[in-house]
Amino acid sequence: MSTESTAAVTEQVEVIQEEQELTDGFHLVIDALKLNGINTIYGVPGIPITDLGRMAQAAGMRVLSFRHEQHAGNAAAIAGYLTKKPGICLTVSAPGFLNGLTALAHATTNCWPMILISGSSEREIVDLQKGDYEEMDQLAIAKPLCKAAYRVLHAEDIGIGMARAIRAALSGRPGGVYLDLPASLLGQVMTAEEGAKSLIEVVDPAPAQVPGADAIDRALDVLKQAERPLIILGKGAAYAQADEAIRAFVEKSGAPYIAMSMAKGLLPDDHPQYAGAARSLVLKESDCVMLIGARLNWLLSHGKGKQWGAPGSKKFIHIDIDPKEMDSNQPIAAPLVGDIESCVTALTAAMGESWVKPSSGWLDMVRAKVQTNMDRMAPKLQNNNVPMDYHGALGALRTVIKQRPETILVNEGANTLDFARSIIDIYRPRKRLDVGTWGVMGIGMGTAIAAAVETGCPVLAVEGDSAFGFSGMEVETICRYNLPVCVVVFNNNGIYRGTDVNPTGHSDPAPTVFVEDSRYDLMMQAFGGVGVTATSPDDLSRAVNDALSSGRPTLINAVIDPQAGTESGRIGNLNPQSVVSKK
Ligand code: OXT
Ligand code: ADP
Ligand code: MG
């Protein structure tokens, strides 16, 4: 070939290459998420991921921009719990990443699938500590706080990185995953065709884990021998979305059951077998406890202590997807390792037609205690005191939820949390979202936002004034996206109570006390939402009903008697006591 014709061919090839469609790291990340059915991102923009958010929105994803990454992370965590898909939180490097990390650890602790995706600095600079903009070895920092952590260095590996993150978040015991995307990755280019081929649609990311027939038989043998069986439903059971299978098993067993806070409503709280109002009695008197998606951790006082009756007085049956959970606190007579749907379905089938329900003596004892406690509480819930106490205010909200069972209740605080848990009945699965395993204050607004976004249901967030303060700025986010969220701030001027005084006489207030008579309602008004102050249960009821009917962002400043609460709500016993008497 002549030199002339070689040049012509080379030119032609270049033209073809130029005409070939290209893609880059930005688009591959978005395509990988969409390919796996993930269409929502919670985050805060900034270098180097601002354009990633813009492009994701342009590609039809829902991109919700927050005021602080921790709340975006809490939104992603609860989105994972509600949808059984990993919730995505997108942050900038170092400080944004660290802000998101608390939520990632929270998701992991609660066994919820979430992926924290953070932009980062280049390895060449970070590893030699040359001092980059927001330089940090994020992968190393994330590793101990999540279930898995990955970094992608090449555009052609984005598909694999995302697939590994999704599978790690969802399979087995769900949890949080960190995905590190260095800035230069996002700009890397490859042909669109090769790019598309490099993506992975994850097949069966949370495979069924079917228990062995011997484990099922063992569990039924233990249950059959029990005279006073008790079932405890935890939030793992709510997460499993095996609602009908769980209900069928519980009803066939005939055993009383209690629900951990976020499992309330899995079966309706007015179910005849529900023993929540006889909690102490059933924990103490039962001779066999079956845990379904609940851990014997601090929330159940590790399955021991006087709350649980005489040592060795019970046998435990435990359903959990994680074999390491077995025997973590108490010997488990019948471990059932598998996914909850497979386990309860197999149990119900193996029980056959002739299953004998517990004796009427046990059931009657439990029902009688439930009735006594409910009768004792009922008059307190009717009070219309001004200023309100917890029972009066929550009595009003209890009625609202009863009339509007589709509403999702978000709840945090100390007294506000503990009273609401026992006073407000929940009637449907996954309708109560709260502080989770760690008792984290600050989950409120992120949780409320994701609950509204993911489900389209109205949301009622019942917040202690301290708890609300952790995420209060996100009311702007609620207004910006015009979400059907009604926030009720239980304003008692402080943490636990608003009555502490500084013993020195100095003008600094006591550490637990806030500005008296604050007007939280004005915060919502500042962003165009509705703000109301309620001083009586009747006021409160009216304002909440208006908010839920209108769907407009609303904040109700509910004035609560500052004397009404107790230190740390119902867990004051966990506070260490000083033995040194103060002068
Ligand atoms: O059977 P018995 O007799 O025992 O009675 C039980 C039931 O039978 C009965 N019951 C009923 N009776 C009648 N009718 C009905 N329907 C009924 N239902 C139940 O009621 C009782 C109680 O039942 P319950 O609730 O089921 O059982 P119990 O015994 O309470 O359960 C035990 C637990 C351990 C499972 C339960 O207590 C629980 O889930 N607790 C979780 C507690 C928790 O997580 N608390 C949050 C943390 S507190 C603290 O740490 C706070 N901080 C520090 C902080 C945190 N947390 N995070 C961060 C990031 N920074 C700092 C702070 C700053 S709280 C806090 C702020 C607090 O101030 P706020 O202003 O926000 O709030 P206020 O206190 O309102 O001012
Ligand atoms: P709670 O706080 O309500 O008691 P926990 O968070 O302590 O609940 O426990 C939830 C448990 O559920 C975890 O041990 C987790 O491994 C388990 N789990 C989560 N999803 C499933 C599932 N699909 N099948 C079986 N177990 C599950
Ligand atoms: Mg308070």
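These numbers were taken from a predicted model, which means no experiment stands behind them. (Residues numbered from 1 in each chain as written. Chains lettered and ligands numbered in written order. Predicted model: local features only at pLDDT ≥ 70, side-chain atom pairs only at ≥ 80, totals over all residues. Heavy atoms only, no water.)

Colleague: Which residues make up the packing of aromatic side chains, and what are the values?
Modeller: All told, the structure shown has 9 aromatic pairs when counted by the stated rule. For the ring pair Tyr42 and Phe66, a centre distance of 6.1 Å and an interplane angle of 70° mean the geometry is edge-to-face. Pair noted here: Tyr42 is in strand β2 (residues 40–43) and Phe66 is in the loop between β3 (62–65) and α4 (69–83), with a separation of 24 residues, a long-range link. With respect to burial, Tyr42 and Phe66 carry one shared label: buried. (Phe/Tyr/Trp six-rings, centres within 6.5 Å; stacked < 30°, edge-to-face > 60°. Helix = DSSP H or I, 4+ residues; strand = E, 2+ residues; numbered from the N terminus. Buried < 20%, exposed > 50% of the residue type's maximum accessible area, 1.4 Å probe, protein only.)

Colleague: Report on the coordination of the magnesium ion (ligand 3), specifying residues and quantitative values.
Modeller: Six octahedral donors at a metal ideally form angles of 90 or 180 degrees, and four tetrahedral donors ideally form angles of 109.5 degrees. At 2.1 Å from the magnesium ion (ligand 3) lie its protein donor atoms, namely Asp465 (OD), Asn492 (OD1) and Gly494 (O). Each donor residue of the magnesium ion (ligand 3) belongs to the same chain, and together they define the spacing D-x26-N-x1-G. In this structure Asn492 comes out as buried when scored by relative accessible area, which is 2%. Assessed through its relative accessible area of 3%, Gly494 is described here as buried. (Donors = N, O, S within 2.8 Å, 3.2 Å for Na, K, Ca; no water.)

Colleague: Residue-level account of the pattern of salt bridges, with values.
Modeller: Summed over all chains, the structure comprises 21 salt bridges. A salt bridge links Arg398 to Asp425, with the nearest nitrogen and oxygen atoms 3.5 Å apart. Here Arg398 is found in helix α17 (residues 390–403), whereas its partner Asp425 is found in the loop between α18 (415–423) and β15 (432–433), with 27 residues between them in sequence. On the accessibility criterion, Arg398 (26% relative accessible area) is partly exposed. Across the salt bridge formed by Asp539 and Arg542, the nearest N and O atoms sit 3.6 Å from each other. In this pair, Asp539 and Arg542 both sit in helix α23 (residues 537–550), 3 residues apart, roughly one turn of the helix. Through salt bridges with shared partners, a single ionic network connects Arg173, Asp320, Asp322, Lys324 and Glu325. (Salt bridge = Lys/Arg side-chain N within 4 Å of Asp/Glu carboxyl O.)

Colleague: An account of the sheet that holds strand β16 (residues 459–464) is needed here, citing residue identities and associated values.
Modeller: Sheet architecture is open: 6 strands sit in the order β15-β14-β16-β17-β19-β18, paired in parallel fashion. Unpaired on one side and paired on the other, β15 and β18 (530–534) mark the two borders of the sheet. Where strand β17 (residues 485–491) lies against strand β19 (residues 554–559), 6 bridges are found, and the strand directions are parallel. By the bridge assignment, Phe490 is partnered in β19 with Ala558. (Pairing = 2+ DSSP bridges.)

Colleague: Please give an account of the nonpolar core that cites residues and values.
Modeller: In terms of nonpolar packing, the biggest core is built from 97 residues, with Tyr42, Tyr81, Met114, Ile115, Tyr178, Leu433 and Val487 touching the most fellow members. Here Val487 is in contact with Met445, Ala461, Glu463, Phe468, Ile478, Met524, Thr554, Leu555 and Ile556, once residues within four sequence places are set aside. Core analysis: the second largest hydrophobic core is formed by 36 residues, Ile216, Leu233, Ala242 and Ile292 among them. (Core = buried A, V, L, I, M, F, W, Y, C linked by side-chain atoms within 4.5 Å. Contact = heavy atoms within 4.5 Å.)

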